[in-house]
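Spelled out from the first residue to the last, the chains are:
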Amino acid sequence: MLIEKLQRLGTAASWDSCGGVTQKSVRKSGIPPNYSSFVHDCSASSEKCRLMKVLQTNTCEHDCRYCVNSTCSQRKQSLEPKELAGSFMSLVRQGYVTGLFLSSGVGGGVKKAGENMIESARLVRKKYGFRGYVHLKILPTMPKSQIEEMSELANRVSLNLEAPDKTRFSELGSTKDYRRDLEKRLRWIDKLRGKNLMKSFTTQFILGAGGESDLEILGKMSELYGKTQLWRTYFSAFEPVKGTALEEMEGERKIREHRLYQSDWLMRVYGFELKEVKNALNEKGNLSLQRDVKIAVASGMPEKFPVDVNSAGREELLRVPGIGPVGADRLMKAREQSRIKETRQLKACGVIVKQALPFVQLDRESQMRIENFCT
Ligand code: SF4
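Just so it is clear, the structure is predicted and the values come from calculations on it, not from any experiment. (Residues numbered from 1 in each chain as written. Predicted model: local features only at pLDDT ≥ 70, side-chain atom pairs only at ≥ 80, totals over all residues.)

Engineer: What is the right way to read the overall build of the protein chain from this model?
Structural biologist: Across its full length, the protein chain carries 15 helices and 10 strands. Computed over the C-alpha atoms, the radius of gyration of the protein chain is 23 Å, within 12% of the 21 Å expected from 2.2 N^0.38 for a compact globule of 375 residues. Taking the principal axes of the C-alpha coordinates as reference, the protein chain spans close to 70 × 45 × 40 Å. Each of the 375 residues in the protein chain was classed as buried or not, and the buried ones make up 40%. Counting contacts in the protein chain only where the partners sit at least 6 residues apart, residues at least 24 apart contribute 67% of the total. (Helix = DSSP H or I, 4+ residues; strand = E, 2+ residues; numbered from the N terminus. Rg over C-alpha atoms; globule rule 2.2 N^0.38 Å. Buried ≥ 20, exposed ≤ 12 C-beta atoms within 10 Å, placed from the backbone. Contact = placed C-beta atoms within 7 Å.)

Engineer: Help me out: how do you make sense of the nonpolar core in this one?
Structural biologist: A general trend in soluble globular proteins is that nonpolar side chains are found buried together. Residues M52, V54 and L136 are the most contacted members of the largest nonpolar core, which totals 92 residues. No fewer than three residues from each of domain 1 (2–252) and domain 2 (295–372) sit in this core. For M52, the residues in contact, after removing those within four places along its chain, are F38, V39, F88, L91, V97 and L100. (Core = buried A, V, L, I, M, F, W, Y, C linked by C-beta atoms within 7 Å. Domains from an automatic or database assignment.)

Engineer: Help me understand the domain arrangement of the protein chain in this model?
Structural biologist: Accessible area lost upon the coming together of the parts serves often as the stated size of an interface. For the protein chain, the assigned domains are domain 1 (2–252) and domain 2 (295–372). Computed over C-alpha atoms, the centres of domain 1 and domain 2 are 40 Å apart.

Engineer: It is not clear to me how the packing of helix α3 (residues 81–93) against helix α4 (residues 110–127) should be interpreted in this structure. Could you clarify?
Structural biologist: The interhelical angle for the contact between α3 and α4, taken along N-to-C directions, is 40 degrees, at an axis separation of 8 Å. The pairing of α3 with α4 is recorded here as oblique in orientation. Crossing hand, α3 versus α4: right-handed. Residues P81, K82, L84, A85, F88 and M89 of α3 form the contact with α4, whose participating residues are N116, E119, S120, L123, V124 and K127. The residue inventory of the contact of α3 with α4, partitioned by class, reads seven nonpolar, two polar and three charged. (Axes fitted to C-alpha atoms, helices over the stretch in contact; angles between N-to-C directions. Parallel < 35°, antiparallel > 145°, perpendicular 65-115°, else oblique. Left-handed = near helix turned anticlockwise from the far one by under 90°. Nonpolar A, V, L, I, M, F, W, Y, C, P; charged D, E, K, R; others polar.)

Engineer: Can you walk me through the environment of G132 in this structure?
Structural biologist: One can find G132 in the loop between α4 and β4 (133–137). Judged by the 15 C-beta atoms lying within 10 Å of it, G132 is partly exposed. Considering only alpha carbons, one finds G132 and E315, 183 residues apart in sequence, at a separation of 36 Å. In contact with G132, not counting residues within four places along its chain, are T98 and G99.

Engineer: What exactly am I supposed to notice about unusual backbone geometry here?
Structural biologist: That bond from F305 to P306 is cis: its omega, 0 degrees, falls within 30 degrees of zero. Positive phi, normally seen in glycine, also occurs at T141, with a value near 75 degrees. Looking at the secondary structure, you find T141 in the loop between β4 and α5 (144–153). The backbone of E162 shows a phi angle near 70 degrees, a positive value even though the residue is not glycine.

Engineer: Please explain the packing of α5 against helix α7 (residues 178–192) as it appears in this structure.
Structural biologist: For any two helices packed against each other, the geometry comes down to the angle between their axes and how far apart the axes lie. Where α5 contacts α7, the two axes come as close as 10 Å, and the packing angle between them is 40 degrees. Accordingly, the angle class assigned to the pair α5 and α7 is oblique. Viewed along their axes, α5 and α7 form a crossing whose handedness is right-handed. Along the contact surface, α5 presents K144, I147, E148 and S151, while α7 presents R185, W188, I189 and L192. Residues belonging to the contact of α5 with α7 are distributed by class as follows: four nonpolar, one polar and three charged.

And the structure:
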């Protein structure tokens, strides 16, 4: 039955992140409960949208040791392009989804798998005239011509690097070459960005399955943000799946994803350099799971604080815990009117006062000693 296929292929797509997935509003919005495995709320760019998120097929010829699609332990299913496009458009017409996220196992060879995905997206765009959000997953080893076709059909594409380098990647499987099948294709995508419909691309790392440190991940992210137009990075904490080669391995803690998302935000949105974020790492190159990353970074650079909120530049303000881009801009505007002397003025600008106080100086007075502050 079609619904069973969608459920199975939706569940199989759950390891691919597309940002801010929450099922709460899906439950509230009257969408049938048995759609919950393939209908998800996601944040695509700054806008929220609701996606149908599925694999075209869960058959795969690769041997990724963490992935259930590499095994025979689950029932293999595929959606024909017509079935996929028709199901999606039916959900659009019922008002249940506003976009499509399509990934796939590499079943029947990468060319065939790519053709099916492209045909599905083409039907959605050309036959049904859908103009909304489409996110297509680029498959490892996919030929350049197919990547180009996908960039003409999708608003966003993604290619999962999974590991920060070739050595760590070799821990995860043996059939893909990190440099040729992934990094090279990421460079192709980078060159295509903005030339066709595709305006952004993302990548994802699996955490904990390859024994990598946070420093290795942060180093790779910094390299990608520096050298390419990568829009953002996603993380997926490893969870052992029955029937896979890593079924006995311990799962990664979810909080590690959160700490790396905080670091990503600092580097990508606040403009922190890798050398600054390194202040938050322990001797093994890992972030504390207990401590907010921005507070840990600031505490590791006591020579830079306290910052005088009445004279500091935007970049200095952004380095204060509890002050984000909006808060920094409001503070700069507010101090043109009058000096900032009291914590209530900070609060009025949207500053998280409890976090900021140990790191700021108000009217030449330091508010709290950093070493007396713990979070
Ligand atoms: S390429 Fe690897 S991760 Fe992707 S579906 Fe195939 S086995 Fe799973």
